[in-house]
Amino acid sequence: MNDMRHVERTVRVDTTKITARDVQVFYGDTHAIRNVSVDIPDKTVTAFIGPSGCGKSTFLRCLNRMNDTISVARVEGRIEIDGEDIYDRRVDPVQLRAKVGMVFQKPNPFPKSIYDNVAYGPRIHGLARDRADLDGIVEKALRRAALWAEVKDRLSAAGTGLSGGQQQRLCIARAVATSPEVLLMDEPCSALDPIATDQVENLIHELRENYSVVIVTHSMSQASRVSQKTAYFHLGELVEYGETGQIFTNPQDERTENYITGRIG
Amino acid sequence: MQVSFILLSLAAIGALAFVTARHRAIASVGGDARRLHSLPIYYGLNGSIMALVPALALLVAWMLVQPLFLDGAIRSDLSDSVLPEGSAMGLVVSDVRRVAEGLESGPLAQSFIAGDFADATPEEVGRMLVRGGTALGAPLTRPVLDAAMEYRTTSRTLRWIMGIAVLAVAVIGAAVAIHRSEGSYRARNVVETGMLGLLMVSASIAILTTLGIVMSMLFETANFFSQYPFTRFFFNTTWQPSFSGRGGASELGILPLLWGTLYISLIALIVAVPIGLFSAIYLSEYAGRAFRSVAKPTIEILAGIPTIVYGLFALITVGPLLRDAIASPLGLGNSASSVMTAGLVMGIMLIPFVSSLSDDIINAVPQAMRDGSLGLGATKSETIRMVIVPAALPGIVGAVLLAASRAIGETMIVVLGAGAAARLDLNPFEAMTTVTVKIVSQLTGDTDFNSPETLVAFALGLTLFVITLGLNVLALFIVRKYREQYE
Ligand SMILES: Nc1ncnc2c1ncn2[C@@H]1O[C@H](COP(=O)(O)OP(=O)(O)OP(=O)(O)O)[C@@H](O)[C@H]1O
Ligand SMILES: [Mg+2]
């Protein structure tokens, strides 16, 4: 793939979008995230990497309070977005999630038509003035998720009838259609072929113009292609966090190095 | 030969076939079970199946055919001349059968076999039989007694032949199976086919029973329509049966009853569906675990209350309350029994059906759906309205239709809550009644099973059956359509 993008990586760290301090997550007695502190800058792509079960998804779900829906989950510490504590009593998690969109690890299209899946967010947030406007939003979102060409003739077909990779892109389109300020993507390309992956990566580049993107990925090459910042998680801890180039070429921690060079998986 | 003895022998043969076939299979590979095509138990099962299935099938078939055959024999034995004046052949045939059974197994059996009654008159034998508990349609006559003796001997002989035939089939089957039990024989596949057969037989029993019920209803209904015109039954708007004793023609129009049924069911569903559905949503989406663990069983207790108790509640509490609080002040009537009373109480009865079924269905909607919606910034109620309920809709429709069938079939609450007066009226505070109530009242008391007043019950029952069937088909249709659109 196009590894030349390494070169054009420019890190424009102007402002910090998300600040996490001493975050702990417990699932009942399981301590899933330990003492994670991280500053995620605005208008950048940040990659979370790490072995399976190390807590990447868990931490990602903290950032838009999706852990609230798990009754056994408990989050401690402080997470701020734009300087505002998102776990504060006064913050409405519903509002927060409209601002911080999420693409889940497992594709979860609604049992509705493709169109209705994408139009779901714009509808509940009243983003479209009229039907034509909504059509436009849906088309744009599907185009950005590289799905338009495949589904433009069957927008009223069921979203659940798509293939696994198509469903994954549908969920990306669904998240993008709401125009969130931060987009959390949990392994968005796990079921995609190289072409579709490339298109999604282009989308991520494009989103970076205006949004912060946090992406969880098991593909080292993808992390190095799309992200400016990389965080390596290991057994619930944030082991190393820094410029992607530096993490991949000159990791400070031995665990990071072992993981990146493939010595532990 | 007694059937119980045949069954015991079959069990023994089956067990023996199991042990022998298994043993022979193992022996055929020199004791090394790994070299068998199938596990040893399959050879044993194969032995039992081969021994028992054909034998049992023969037994069942024989027992079904033998009475028919014997009846035919009696009929040809008894010429028309011996028939007592005015009695039907069918009655005489059943008398013959009963006399034969009385002689065979009644208290008389022992002394009869000993020949004590060789020269008693038929009347005496008849009296003794009656004392022994046999019911006779007419005084016993010589031809009937003779026919009964004939019947008895023939049926004994046939029983013997049957026993021998069945056991022979069992032994042959066992022998064949045992003979086949060798290492390369695919006993496992045969047993698999046997399992399939068992499942198919079970399924067809359910289907055949339904068919049987429908057929008997159809038969009686046809009988009814031969005595009462079709159009008057379906289009007459009055229901006024007059039992033959009182004279005068009956008005047997189904419309008032159907109207009552639908009106009461409609009110019941208007009460039960929203309350049931909302309580299901509350319980599954909002309630805490502690509350849920108390509330769910409490609601389900409602389902365990016998409907007669609901009926009493309607009669004593709800009916007078509605009358005094609403109907009388508004000038809508003075009847404590009313459509409203029955509908409300029936609605309460249906709440747990709707709620516990919907609750299960809503819980079955994957958490990922909720996450997807919440992750897009939807509120909980938006998620429920736009994602969860649509996803659960086929199941919810099913639950509602189940409740509707219960409402349509309900009798007790209607009798006690809405009364038994057939009426076509829009006023929900009037007494009305339903199809089921009238089925009961037409069949209870002093009935003659050949008058239209009684037979109408079957026509009513069949109509009800067709309506519920229609509802189910409709439900299926809705669910299909919905599925096509979304999955
Ligand atoms: N709903 C839950 N209830 C209890 N424990 C959970 C739950 N979700 C995750 N965990 C636990 O938290 C830990 C971290 O899980 P998480 O899903 O965050 O891993 P991950 O890094 O995303 O792994 P993967 O790469 O396989 O997706 C795991 O040990 C997991 O067992
Ligand atoms: Mg994960």
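Residues numbered from 1 in each chain as written. Chains lettered and ligands numbered in written order. Predicted model: local features only at pLDDT ≥ 70, side-chain atom pairs only at ≥ 80, totals over all residues. Heavy atoms only, no water.

**Q** Can you walk me through the site of ligand 1 in this structure?
**A** All names here are of chain A. For ligand 1, the set of nearby residues contains 13 residues, the closest of which are S52, G53, S57, T58 and Q105. With respect to ligand 1, the backbone of G53 contributes an N or O atom lying 2.8 Å from an oxygen atom. T58 places a side-chain nitrogen or oxygen 2.5 Å from an oxygen atom of ligand 1. Burial of ligand 1 by the protein chains amounts to 64% of its free accessible area of 630 Å². In terms of residue count, helix 1 (residues 56–62) provides more of the shell around ligand 1 than any other element does, 3 residues in total. (Near = heavy atom within 4 Å. Polar contact = N/O pair within 3.5 Å; in protein donor to acceptor, adjacent residues only side chain to side chain. Areas by Shrake-Rupley, 256 points an atom, 1.4 Å probe, with all protein chains shown as cover. Helix = DSSP H or I, 4+ residues; strand = E, 2+ residues; numbered from the N terminus.)

**Q** Help me out: how do you make sense of the interface of chain A and chain B in this one?
**A** One frequently used descriptor of interface size is the decrease in accessible area upon assembly of the parts. Between chain A and chain B, the residue contacts involve 26 residues of the former and 22 residues of the latter. When chain A packs against chain B, the two sides together hide about 1900 Å² of surface, and 62% of this comes from carbon and sulfur. Among the residues chain A hides against chain B, the three largest losses belong to P111, Y120 and I124 of chain A. Together they make up 28% of the total. Between chain A and chain B we count 1 salt bridge in total. For the pair chain A and chain B, the number of links is 5 residue pairs in polar contact (both at pLDDT 80 or more). Of all the secondary structure elements, the ones that give two or more residues to the side of chain A that touches chain B are helix 2 (93–99), strand 6 (100–103), helix 3 (114–125) and helix 6 (164–177) of chain A. Split by residue class, the side of chain A that touches chain B holds 13 nonpolar, 9 polar and 4 charged. (Contact = heavy atoms within 4.5 Å. Buried area = accessible area lost by both parts, 1.4 Å probe. Salt bridge = Lys/Arg side-chain N within 4 Å of Asp/Glu carboxyl O. Nonpolar A, V, L, I, M, F, W, Y, C, P; charged D, E, K, R; others polar.)

**Q** Help me understand the domain arrangement of chain B, please; the structure alone is not making it clear to me.
**A** Segmentation of chain B into domains returns domain 1 (3–185) and domain 2 (240–486). One C-alpha centre belongs to domain 1 of chain B, the other to domain 2 of chain B; they are set 48 Å apart. (Domains from an automatic or database assignment.)

**Q** Mind showing me how you'd approach the coordination of the magnesium ion (ligand 2) here?
**A** Ideal geometry at a metal centre: 109.5 degrees between donors when four sit tetrahedrally, and 90 or 180 degrees when six sit octahedrally. All names here are of chain A. Note on the magnesium ion (ligand 2): its protein donors are S57 (OG) and Q105 (OE1). The metal-donor distances range over 1.9 to 2.2 Å. With S57 in helix 1 and Q105 in the loop between strand 6 and helix 3, this residue pair connects regions lying 48 residues apart in the sequence. Looking at Q105, the relative accessible area reads 36%, which means it is partly exposed. (Donors = N, O, S within 2.8 Å, 3.2 Å for Na, K, Ca; no water. Buried < 20%, exposed > 50% of the residue type's maximum accessible area, 1.4 Å probe, protein only.)

**Q** Could you clarify how one ought to interpret the packing of helix 2 (residues 40–77) of chain B against helix 6 (residues 142–180) of chain B in this entry?
**A** For any two helices packed against each other, one specifies the inter-axial angle together with the distance between the axes. All names here are of chain B. Across the interface, helix 2 lies against helix 6 with an axial gap of 8 Å and an inter-helix angle of 160°. One element, helix 2, and the other, helix 6, form an angle in the roughly antiparallel class. Once helix 2 is placed against helix 6, the crossing between them reads as right-handed. Residue classes in the contact of helix 2 with helix 6 are distributed as 22 nonpolar, 6 polar and 4 charged. (Axes fitted to C-alpha atoms, helices over the stretch in contact; angles between N-to-C directions. Parallel < 35°, antiparallel > 145°, perpendicular 65-115°, else oblique. Left-handed = near helix turned anticlockwise from the far one by under 90°.)

**Q** Just to check I follow, could you spell out the confidence of the model for chain A for this structure?
**A** When pLDDT drops low, the exact placement of atoms in the prediction is not to be read closely. Residues and elements named next belong to chain A. Residue-level pLDDT values for chain A average 89, and 94% of them are 70 or greater. Strand 3 (residues 45–49) holds the highest mean pLDDT among the elements of chain A, 95, whereas helix 7 (residues 194–208) holds the lowest, 89. Segment residues 1–8 is flagged for pLDDT under 50; beyond a separation of four residues in sequence, or across chains, it makes 11 contacts in the model. (pLDDT = per-residue confidence, 0-100.)

**Q** What's the story with a nonpolar patch on the surface in this structure? I'm lost.
**A** Residue and element names in this part refer to chain B. A cluster of nonpolar side chains, namely I308, V309, L312, L315, I316, M412 and V415, defines an oily patch on the protein surface of about 570 Å² accessible area. Contributing elements (two or more residues each) for the nonpolar patch: helix 11 (307–327) and helix 15 (412–418). Considering the arrangement of structural elements, one finds I308 in helix 11. (Patch = residues over 30% accessible without salt bridge, like charges linked within 9 Å, V, L, I, M, F, W, Y side chains within 5 Å.)

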